[in-house]
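Chain and residue survey
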Amino acid sequence: MPIDDLPDWLPAWCLEHLGDRPADVLFRRQSMSAVFGLRLAGGTDVVVKARDDDGRAGSCVTAQARLADDGFPCARPLTPVVGAGALAVHAEEFRPGGEVLHGDAPDIAVRYAEVFARLMAALADLAVTPPLPNPRWVRWDHPDPGLWPSIESLDEMDQSPVPAYVTDTAARARRRMLAADLPRVLGHADFEAHNLRWHDRQVWTVHDWDSLAWQPEAALVGAASAVFPKMGPATMPPIESTEAFLAAYQDARGRWFTAEERQVAWAASLWTAAHDLRWEALHGYTAVSGRALWAQAAERLRRANA
């Protein structure tokens, strides 16, 4: 991306908050946030992230900064969250390197679960304002009417392409989670393969701290147990891999879930896939995971007592 194609606000923002102007663009990515990898004129490489200011970013960046200070493998924020018009913007260190750990077998699930347990233990000691509303792909606890969280761009579309089994699975999983009365904790709600990098068998970096959520631990762990192999479109690992993830997580934390927590975890393992499949169906995509959800939903719902 040419330097002249950067948003108009960005060079001035860098000068004011980082003390230098961007001289080169290392990369640009656009998803829920706009992410710019920049080389400043003085030679320092940084990452600047901008997203719509919904009030969540400050808590997320505060948590990320404290984890980085404590030695957790994540990029260290270089600025607090600063407004730029309607955007919430911050800069963090550029932490390149490492490789994606691919696969959804039980032994891979165990490795991801051990990192997630380490992450959740580190977050447990932090006191930050809950980053609400939760990310929309895990927002089963929304107060909106209807099954799905209200998202105007999706709700105004014809819903008939969404398979009935997706809607039914989401509804049953959500009812089970809402029926539970479990304490809320801070956790990472986008624990997908593309958001982690590894060196050999050691995790090198966990990315995407914008996606922290405030939900029951069992729901956060259950969601992670189903999305850890994800690299793009909706996906779902084998049931035995979710089972291995949940067991390894509890073993690493040194605490076994209650029966209710186990059920909530299994229910949560279904929600994100259902959410993603709805999005993909509405946009005319053919989802590979649709077959997996179709094949696994009954057993996962049985384990969830849903």
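Residues numbered from 1 in each chain as written. Predicted model: local features only at pLDDT ≥ 70, side-chain atom pairs only at ≥ 80, totals over all residues. Heavy atoms only, no water.

**A word on the overall build of the protein chain**
Under the convention used in this document: By definition, any uninterrupted DSSP run of H or I lasting at least four residues is a helix, any uninterrupted run of E lasting at least two residues is a strand, and each is numbered from the N terminus. Within these notes, the globule rule equals 2.2 Å times the number of residues to the 0.38 power, and the radius of gyration is based on C-alpha atoms. Burial here depends on accessible area, computed with a 1.4 Å probe over protein chains only, as a share of the maximum for the residue type. Under 20% is buried, over 50% is exposed, and the range in between is partly exposed.
Regarding its fold elements, the protein chain presents 9 helices and 9 strands. By the compact-globule yardstick of 19 Å for 306 residues, the protein chain fits well, its C-alpha radius of gyration being 20 Å. Taking the principal axes of its C-alpha atoms as reference, the protein chain extends roughly 60 × 45 × 35 Å. Relative to its 306 residues, the protein chain shows a buried fraction of 53%.

**Quick notes on the nonpolar core**
Definition in use: What we call a nonpolar core is a set of buried Ala, Val, Leu, Ile, Met, Phe, Trp, Tyr and Cys residues that are connected through their side-chain atoms within 4.5 Å. Should any heavy atoms of two residues lie within 4.5 Å, those residues are counted as being in contact.
In this structure, Tyr112, Phe116, Phe191 and Phe245 are the most contacted members of the largest nonpolar core, which totals 77 residues. Examining the composition of this core, we find that 12 residues originate from one element, helix α8 (residues 259-282), more than from any other. Setting aside residues no more than four positions away along its own chain, Tyr112 makes contact with Leu101, Phe191, Ala193, Leu196, Trp198, Phe228 and Phe245.

**Here we look at the state of the cysteines**
For clarity, the cut-off: Our working definition of a disulfide is a cysteine sulfur pair at a distance within 2.5 Å.
Under the criterion given, the structure shown has 0 disulfides. Between Cys60, a free cysteine, and Cys74, which holds the nearest cysteine sulfur, the sulfur-to-sulfur gap is 12 Å. Since its relative accessible area comes to 1%, Cys60 is described here as buried.

**Some remarks on the packing of aromatic side chains**
The description of an aromatic ring pair rests on the distance of the ring centres and on the angle between the ring planes. Note the cut-off: Under the pairing criterion, centres of Phe, Tyr and Trp rings, with the six-membered ring standing for Trp, must be within 6.5 Å; the plane angle then separates stacked pairs below 30 degrees from edge-to-face pairs above 60, leaving the rest tilted.
Enumeration according to the criterion identifies 13 aromatic pairs in this entry. Look at Phe27 and Phe94: their rings are 5.9 Å apart centre to centre, the planes differ by 45°, and that puts the pair in the tilted class. Here Phe94 lies in the loop between β5 (87-93) and α3 (106-124) and Phe27 lies in strand β1 (residues 22-30), a separation of 67 residues in the sequence. Judged by relative accessible area, Phe27 falls into the buried class, the value being 17%. The partly exposed category is assigned to Phe94, whose relative accessible area is 28%. Their ring planes at 55° and their centres at 5.7 Å tell us that Trp279 and Tyr285 sit as a pair that is tilted.

**Side note on the pattern of salt bridges**
Definition in use: The working definition used for a salt bridge is a side-chain nitrogen of Lys or Arg within 4 Å of a carboxyl oxygen of Asp or Glu.
Under the counting rule described, the total for this entry stands at 16 salt bridges. Asp210 is paired through a salt bridge with Arg51; the nearest N and O atoms lie 3.0 Å apart. Of this pair, Asp210 sits in the loop between β8 (202-206) and β9 (212-216) while Arg51 sits in strand β3 (residues 45-52), and the two are 159 residues apart along the sequence. For Asp210, a relative accessible area of 16% gives the class buried. Among the charged side chains, a salt-bridge network with shared partners connects Glu217, Arg253, Arg255 and Glu261.

**Some thoughts on helix α6 (residues 217-227)**
Counting buried residues along α6, 11 of its 11 residues qualify, which places the element largely inside the surrounding structure. Buried residues of α6: Glu217, Ala218, Ala219, Leu220, Val221, Gly222, Ala223, Ala224, Ser225, Ala226 and Val227, and no others. Buried residues belonging to α6 abut α3, β6 (184-188), β9, α7 (239-253) and α8.

**Regarding the pairing of β1**
Note the cut-off: Note on pairing: DSSP must find at least two bridges between two strands before they are called paired.
As paired elements, β1 and strand β2 (residues 34-40) share 7 bridges and run antiparallel to each other. Bridging across to β2, Val25 finds its partner in Leu38.

**A word on unusual backbone geometry**
That bond from Leu132 to Pro133 is cis: its omega, 0°, falls within 30 degrees of zero. Within the element layout of this structure, Pro133 appears in the loop between α3 and α4 (152-155). With phi around 55°, Asp200 is a residue other than glycine that occupies positive phi space. Turning to its location among the elements, Asp200 is positioned in the loop between β7 (196-199) and β8. A positive phi is found at Asn305, a non-glycine position, where the angle reads about 55°. Of note, Asn305 is situated in the segment after α9 (289-303). Take Asn305: its relative accessible area is 56%, and that puts it in the exposed class.

**Digging into α3**
Applicable threshold: Each residue after the first adds 1.5 Å to the expected span of a helix.
Taking 1.5 Å per residue, 19 residues should reach 27 Å; α3 reaches 26 Å between its end C-alpha atoms and fits that length. For α3, the full list of buried residues reads Ile108, Ala109, Arg111, Tyr112, Ala113, Val115, Phe116, Ala117, Leu119, Met120 and Leu123.

**With respect to the side chain of His90**
The condition is simple: We define a polar contact as two N or O atoms separated by no more than 3.5 Å, with the added condition that, inside protein, one atom must be a possible hydrogen donor and the other a possible acceptor, whereas residues neighbouring each other in sequence contribute only through side-chain atom pairs.
Along the chain, His90 turns up in strand β5. Looking at His90, its side chain comes within polar contact range of the side chain of Arg51, at 3.2 Å. A polar contact of 3.0 Å, which involves the side chain of His90, links it to the side chain of Glu92. For His90, the contacting residues outside a window of four places in its chain are Trp13, Val47, Val48, Lys49, Arg51, Val61, Gln64, Pro77, Thr79, Pro80, Val81 and Asp210.

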